[in-house]
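# A look at the structure
Take a look at the letters that make up each chain.
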Amino acid sequence: MNNSVEIQYCTQCRWMLRAAWMGQELLSTFEEELHELILRPGTGGIFEIRANGKLIWSRKTMGGFPEITELKQLIRDEIAPEKSLGHADRKKQ
């Protein structure tokens, strides 16, 4: 499967660097699993992240920005559920 992630960010809020940094982290972590990363400029305070078209994070509805560890877990759960994230993985219960 050609897994993709899209990060839409608000240019008015100057969130491009945050979006680019998160994208870089995801590309590094999912170098084998991720085939496409899209940074999509927007306006109106938008900051949304989608994996394979599915909304994973919305700043407006989820209240703020994800921690990078949490974001990696959410993306992993969508595109590579069997992948271990090592020390950044959630604690096994």
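Refer to the structure above for everything that follows.
Below or above, wherever it landed, is the structure these notes cover. Counting of residues starts from 1 at the beginning of each chain's written sequence and follows it residue by residue. Thresholds applied to this predicted model are a pLDDT of at least 70 for local features of residues and 80 or more for the giving and counting of side-chain atom pairs; totals over whole chains, interfaces and linings are not thresholded and use all residues. The side-chain numbers reported here are obtained from all heavy atoms of the structure, hydrogens and water having been left aside.

Moving on: helix H1 (residues 16–29). Where helices and strands are cited, they refer to DSSP runs of H or I of at least four residues and of E of at least two residues respectively, numbered from the N terminus. Between the first and last residue of a helix there are one fewer steps than residues, each counted as 1.5 Å, and that sum is the expected span. Between its first and last C-alpha atoms H1 spans 20 Å; for 14 residues at 1.5 Å apiece the expected length is 20 Å, and the two agree. Summary of the burial criterion: residues with accessible area below 20% of their type's maximum are buried, those above 50% are exposed, and those between are partly exposed, where the area comes from a 1.4 Å probe applied to protein chains only. Among all positions in H1, only Ala-19, Met-22, Gly-23, Leu-26 and Thr-29 are buried. The buried side chains of H1 occupy one side of the element, clustering within an arc of 130° when seen end-on. The contact criterion used is simple: two residues touch if any of their non-hydrogen atoms lie within 4.5 Å. Buried residues belonging to H1 abut strand S1 (3–10), strand S2 (34–42), strand S3 (47–51) and helix H3 (68–79). Read the arc as the range of directions from the helix axis to the C-beta atoms.

The next subject is the pattern of salt bridges. Salt-bridge detection follows one rule: a side-chain nitrogen of Lys or Arg within 4 Å of a carboxyl oxygen of Asp or Glu. Evaluation of the coordinates by the stated rule reveals 6 salt bridges. Linking Lys-54 and Glu-78 is a salt bridge whose minimum nitrogen-to-oxygen distance equals 3.3 Å. Of the two residues, Lys-54 sits in strand S4 (residues 54–58) while Glu-78 sits in helix H3, which places them 24 residues apart along the sequence. Using a relative accessible area of 26% as the deciding quantity, one classes Glu-78 as partly exposed. Of the charged contacts in the structure, one is a salt bridge between Arg-76 and Asp-77, with a shortest N-O distance of 2.9 Å. Residue Arg-76 is classed as buried on the basis of its relative accessible area, which comes to 5%. Overall, Asp-77 belongs to the partly exposed group, its relative accessible area being 36%.

Between its first and last C-alpha atoms H3 spans 16 Å; for 12 residues at 1.5 Å apiece the expected length is 16 Å, and the two agree. Along H3, the residues that are buried comprise Ile-68, Leu-71, Lys-72, Gln-73, Ile-75, Arg-76 and Ile-79. Against S1, H1, S2, S3 and S4 lie the buried residues of H3.

Phi at Arg-14 is positive, roughly 60°, even though this residue is not glycine. With respect to the helices and strands, the residue Arg-14 is situated in the loop between S1 and H1. A residue is classified by how much of its surface remains accessible, and Arg-14, at 74% relative accessible area, is exposed. For Asn-52, which is not glycine, the phi torsion reads 50° and is therefore positive. Tracing the chain through its elements places Asn-52 in the loop between S3 and S4.

Moving on to the packing of H1 against H3. Between H1 and H3, whose axes approach to 11 Å, the crossing angle comes to 50°. Compared by their axis directions, H1 and H3 come out oblique. You can see that H1 and H3 cross each other, and the crossing is right-handed. Across from Trp-21, Met-22, Glu-25, Leu-26 and Thr-29 in H1, the residues of H3 making contact are Ile-68, Leu-71, Lys-72 and Ile-75. A fitted line through C-alpha atoms represents every axis, and for helices the fit uses only the stretch in contact; the resulting angles, taken between N-to-C directions, go from 0 to 180 degrees. Working rule for angles: under 35 degrees goes down as roughly parallel, over 145 as roughly antiparallel, 65 to 115 as roughly perpendicular, anything else as oblique. Whether a crossing is left-handed or right-handed is set by the direction in which the near helix is turned from the far one by less than a right angle, anticlockwise for left-handed and clockwise for right-handed.

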